[in-house]
Amino acid sequence: MAARALRTKLLLVGSAVCAGSGAAFIASSEDPSRTLKLCTNIPPRLFRNTVTAASIAFDYEYSLSGLAEGSSEKAKVKHEVHLRSAQKLQELCFKNGGIYIKLGQHIGQLDYLVPEEYVHTMRESMLNKCPVSSYEQVCEVFKKEVGETPDKVFAEFDPVPIASASLAQVHVARTHGGEKVAVKVQHAHMTDTAAADTAAVGVMVNTLHRIFPSFDYRWLLDEMSESLPKELDFLVEAKNSEKCLDNFRKMSPHIAEYVYAPTVYWNLSSSKLLTMEFMDGAQVNDVAKIKKLGIQPYEVSKLVSQTFAEMMFKHGFVHCDPHAANLIVRPSGKRNIYGKQKPQLVLLDHGLYKELDFNTRFNYASLWKALVFSDANAIKQHSAKLGAGDDLYVLFAGILTMRPWKQVINTSADHLVIKGTTEDRSELQMYASQYFPQISELLRRLPRVILLMLKTNDCLRSVNNELVKGSSLESFLIVGKVSSEAVLEAKWSQKKSLVQWLKVWLEGFSVEVRLWVMQFALWVLQVRKALTL
């Protein structure tokens, strides 16, 4: 009894000391209210992380123990464990919010790089069910940033957001000058918890990797740690949007009028508030609305492919979050030869950009040129230069194109076209499951900027699938043309003799001929398809 009483007293004394120390720490800090939030919010989040990670690890270890490798029983059980674990991770992301939502969104865009169950679970929920800050929290951000509430800063301000994402939400407002604007407001808790959340996610990912060495997604954590501070500074986003348009005007003037970004109101913006021109139009995956605007979805697909090919292969400054909610389509005011409206692509959310240095951009463009032209030796050469090595270049090519190697090196014009059939999806999912350890190793080797290109490719593939129900040969022709132009431009800039000049000229002529042949093959396929309807 005495020992128990002593333990109780020690516990009470310890609790009092901890509580007193905590109170003193909060009271003496520069921002007591912020420190109090950290002290009350972080521990529960850490606890949820620990419980979720332990539960997932135990489930894999216990459920798969003793099952024969390659057996149908193990495949069935693994699918069930993947699904349960994905649902647990989804629940954790929703409860913790903030960068956890961002993490879930990243996972939902990594087709065939993580198990299908995780991708499907995250994609179904993370893009459309993001947290919403209350109007009181919005006012709190305004007061900290500009010293006034929204109703004083703007003539009109709708307290109900029209969209909400992982880091911020968007409100419609009208300036005192009468202009309709979109105001992006950062969620109030983001700055308070971002650093601690990143560290906590790091502990979870590293722990899972130690338990399951094949589960190596530390690269995703590294990328988030680097990109998150930039995404949380809306002035960086504003500068990115202006640089993006400037690149199109200077380096891609032939399509500059068909690519747009909202004008930034710098006098009404800060690191946590971004005021932009309000954009009307159709979301890029809203095919019905696009058609109502008099625009053909096929033309939108071509413009999306052209826009991002120019960014990746010529500009070296790439918007890395092109999911459907960030791409708006509207009429450009110009018409094609059939009298249909030509589309203009409006790019939103410029927070996540990556710059490709000259060598990376050259090798990435050369790789895609080789993929489009079925050049096995060049695929191997440039994959190795990008970090895939001589042993994983086949897998790298498959991840980039979502095609098995036999199709990648097939010389038919439409060898890279994904039909979007059930057989196609089943084959790709089988490869993803079968080569999961090799995929993890490849992701570990590749530079992070290339990993972001993979994510960008997945987003674009998803957009094109919505527009044309699969991938189109025209999109790959565009990629082949722009990547070839970028490679030739790089070689022109480095030519030093007449022989080198002649060699580059002949290569350019050869590329033009091959593209013309592929274009003719596309025309034949389209005529054949029309005749069978």
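All values reported here derive from a predicted model rather than from experimental measurement.

**Quick notes on the overall build of the protein**
Move 1: Secondary structure assignment for the protein yields 21 helices and 11 strands.
Move 2: Scored against the burial criterion, the 533 residues of the protein give a buried share of 50%.
Move 3: Counted over contacts in the protein with a minimum sequence separation of 6, partners at least 24 positions apart contribute 68%.
Move 4: When the accessible surface of the protein is totalled, it reaches about 25,800 Å², and 58% of it is carbon and sulfur.

**Some words on the confidence of the model for the protein**
Move 1: Summing up the model confidence of the protein, the mean pLDDT is 83 and the portion of residues at 70 or higher is 85%.
Move 2: By mean pLDDT, the top-scoring element of the protein is strand 5 (residues 259–260) (98), and the lowest-scoring one is helix 1 (residues 2–28) (40).
Move 3: Here residues 1–29 is modelled with pLDDT under 50, and outside its nearest four sequence neighbours on either side it reaches 8 contacts, counting other chains as well.

**Considerations on helix 10 (residues 234–251)**
Move 1: Helix length check: helix 10, at 18 residues, gives a terminal C-alpha distance of 25 Å against a target of 26 Å (1.5 Å per residue), a fit within 8%.
Move 2: Listing the buried residues of helix 10 in full gives Phe-234, Glu-237, Ala-238, Asn-240, Ser-241, Cys-244, Leu-245, Asn-247 and Phe-248.
Move 3: Of the residues that open helix 10, the one with a side-chain oxygen 3.1 Å from the backbone nitrogen of Leu-235 is Asp-233.

**Digging into the pattern of salt bridges**
Move 1: For the structure on display, the rule yields 24 salt bridges.
Move 2: Glu-226 is the partner of Lys-354 in a salt bridge, and the nearest nitrogen-oxygen pair spans 2.6 Å. Of this pair, Lys-354 sits in strand 11 (residues 353–355) while Glu-226 sits in helix 9 (residues 218–231), placing them 128 residues apart in sequence.
Move 3: Of the residues examined, Glu-226 reaches a relative accessible area of 32% and is grouped as partly exposed.
Move 4: In this structure, Asp-391 engages Arg-445 in a salt bridge whose closest nitrogen and oxygen atoms are separated by 2.7 Å. In this pair, Asp-391 is assigned in the loop between helix 14 (376–385) and helix 15 (393–401) and Arg-445 in helix 18 (residues 436–445), connecting sequence segments 54 residues apart.
Move 5: The class for Asp-391 is exposed, based on a relative accessible area of 52%.
Move 6: Each of Glu-310, Lys-314, Lys-481, Glu-485 and Glu-489 takes part in one network of salt bridges that share partners.

**Focus on the side chain of Ser-166**
Move 1: Residue position: Ser-166 is located in the loop between strand 2 (163–164) and strand 3 (168–174).
Move 2: The exposure class of Ser-166 is buried, given its relative accessible area of 1%.
Move 3: Setting aside chain neighbours within four positions, we find Ser-166 in contact with Gly-98, Ile-101, Lys-102, Gln-105, Cys-130, His-187 and Met-190.

**Quick notes on unusual backbone geometry**
Move 1: With a phi angle near 55°, Asp-349 is a residue other than glycine that sits in the positive phi range.
Move 2: With respect to the helices and strands, the residue Asp-349 is situated in the loop between strand 10 (341–347) and strand 11.

**With respect to the sheet that holds strand 9 (residues 327–335)**
Move 1: Taken in spatial order, the 4 strands of this open sheet run 5-10-9-7, and their pairing is mixed. Sheet topology places strand 5 and strand 7 (282–283) at the edges, where each strand pairs with a single neighbour.
Move 2: Examined bridge by bridge, strand 5 and strand 10 share 2 bridges and lie parallel to one another. Following the sheet pairing, Val-259 is matched in strand 10 by Leu-345.

**A few points about the packing of aromatic side chains**
What describes a pair of aromatic rings is the distance from one ring centre to the other and the angle between the planes of the rings.
Move 1: As enumerated under the stated definition, the model contains 9 aromatic pairs in all.
Move 2: Relative to Tyr-62, the ring of Phe-58 has its centre 5.5 Å away and its plane inclined at 10°; by these criteria the two rings are stacked. Of this pair, Phe-58 and Tyr-62 both sit in helix 2 (residues 32–64), separated by 4 residues, roughly a single helical turn.
Move 3: Residue Phe-58 is classed as exposed on the basis of its relative accessible area, which comes to 55%.
Move 4: Overall, the relative accessible area of 61% leaves Tyr-62 in the exposed class.
Move 5: When the centroid spacing of 4.5 Å and the interplanar angle of 25° are considered together, the rings of Phe-317 and Tyr-353 count as stacked. Of this pair, Phe-317 sits in strand 8 (residues 317–319) while Tyr-353 sits in strand 11, placing them 36 residues apart in sequence. Judged on exposure class, the residue Phe-317 and its partner Tyr-353 are both buried.
Move 6: Following the ring pairs from residue to residue traces out a cluster consisting of Tyr-135, Phe-142, Phe-154 and Phe-157.
Move 7: Taking the ring centre of Phe-278 as reference, the NZ or CZ of Lys-180 above it sits at 4.2 Å.

Analysis parameters
Residues numbered from 1 in each chain as written. Predicted model: local features only at pLDDT ≥ 70, side-chain atom pairs only at ≥ 80, totals over all residues. Heavy atoms only, no water. Helix = DSSP H or I, 4+ residues; strand = E, 2+ residues; numbered from the N terminus. Buried < 20%, exposed > 50% of the residue type's maximum accessible area, 1.4 Å probe, protein only. Contact = heavy atoms within 4.5 Å. Areas by Shrake-Rupley, 256 points an atom, 1.4 Å probe, with all protein chains shown as cover. pLDDT = per-residue confidence, 0-100. Expected span 1.5 Å × (residues − 1). Polar contact = N/O pair within 3.5 Å; in protein donor to acceptor, adjacent residues only side chain to side chain. Salt bridge = Lys/Arg side-chain N within 4 Å of Asp/Glu carboxyl O. Pairing = 2+ DSSP bridges. Phe/Tyr/Trp six-rings, centres within 6.5 Å; stacked < 30°, edge-to-face > 60°. Lys NZ or Arg CZ within 6 Å of the ring centre and 35° of its normal.

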